[in-house]
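# Architecture at a glance
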Amino acid sequence: MTTYALVTLTITNPESFELYRQQAGAALAKHGGAAMEVSKTSEVIEGDGVAPTVTVILTFPDRDAAKAWINDPEFAEAHALRRGSGTSNIILM
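First, a word on what this report is: a plain description of the structure on this page. (Residues numbered from 1 in each chain as written. Predicted model: local features only at pLDDT ≥ 70, side-chain atom pairs only at ≥ 80, totals over all residues. Heavy atoms only, no water.)

## Points about the nonpolar core
Filter applied, for reference: Definition of nonpolar core: a set of buried residues of the types Ala, Val, Leu, Ile, Met, Phe, Trp, Tyr and Cys, connected through side-chain atoms within 4.5 Å. Think of it in three bands: with a 1.4 Å probe and only protein chains considered, a residue is buried below 20% of the maximum accessible area for its type, exposed above 50%, and partly exposed in between. Each helix is a run of H or I in the DSSP string that is no shorter than four residues. Each strand is a run of E no shorter than two, and both are numbered from the N terminus.
With 17 residues, the main nonpolar core has Leu 9, Tyr 20, Val 56, Leu 58, Phe 60 and Trp 69 as its most contacted residues. Those elements that provide at least two residues to this core are strand E1 (3–11), helix H1 (14–30), strand E3 (54–60) and helix H2 (63–71). Looking at this core, the element that brings in the most residues is H1, giving five residues.

Printed below as a string of structure tokens:
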């Protein structure tokens, strides 16, 4: 069953994020994932907190594929670049 992931990123190191972006597509494709929507204009309309710099909705064939993507040792360095670019949260839906 299709699984979605909500990714929120607050970028504090744009250089690291750009390096991550260059590798992110290959990591997603390997596990059947794709970015459905990317927004740099997220806005909090209810609740507390500040909107992230970037919000992404990813799609995967299933939960196992999403977990394989995040845990793939081949892309550990890419995920480290994302983590080093600021604060990120990834929520499976």
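Here the narrative resumes.
## Let's talk about H1
Operational definition: An expected span of 1.5 Å times one less than the residue number is assigned to each helix. Here the bend at each residue means the angle between axes fitted to two seven-residue stretches, the one ending at that residue and the one beginning there. Note on contacts: a residue pair qualifies if any of its non-hydrogen atoms lie within 4.5 Å across the two residues.
Taking 1.5 Å per residue as the helical rise, H1 with its 17 residues ought to reach 24 Å, and the 25 Å between its terminal C-alpha atoms agrees with that figure. In the structure, H1 departs most strongly from a straight axis at Gln 23, where the bend amounts to approximately 40°. Buried within H1 we find Ser 16, Phe 17, Tyr 20, Ala 24, Ala 27 and Leu 28. Those residues of H1 that are buried lie in contact with E1, strand E2 (34–39), E3, H2 and helix H3 (76–84).

## Focus: the layout of surface pockets
Put simply, the rule is: Here a cavity means grid points, on a 1 Å grid over the protein atoms only, where a 1.4 Å probe fits yet cannot get out; a pocket means an open set of points with protein on both sides within 12 Å along at least five of seven lines; lining residues are those with an atom within 4 Å of a point. Grid points are joined across faces, edges and corners, and a volume is the space filled by probe spheres set on the points. Under the convention adopted here, Pro, Cys and the residues Ala, Val, Leu, Ile, Met, Phe, Trp and Tyr are nonpolar, Asp, Glu, Lys and Arg are charged, and Gly plus all remaining residues are polar.
Within this model, the largest pocket holds a volume of roughly 300 Å³. Listing elements by their share of the lining of the largest pocket, those giving two or more residues are E1, H1, E2 and E3. With six residues, H1 is the single largest residue contributor to the lining of the largest pocket. When the residues that make up the lining of the largest pocket are grouped by side-chain class, the tally is 12 nonpolar, one polar and three charged.

## Remarks on the sheet that holds E2
Rule in force here: At least two DSSP bridges between two strands are needed for those strands to be called paired. Angular values range over 0 to 180 degrees, each being the angle between N-to-C directions of two axes fitted as lines to C-alpha atoms, with helices fitted over their stretch in contact.
Taken in spatial order, the four strands make up an open sheet running E2-E3-E1-E4, and their pairing is antiparallel. The strands lining the two open edges of the sheet, one partner per strand, are E2 and strand E4 (86–92). When the angles between neighbouring strand axes are averaged without regard to direction, this sheet yields 20°. Relative to E4, E1 runs antiparallel, the two sharing seven bridges.

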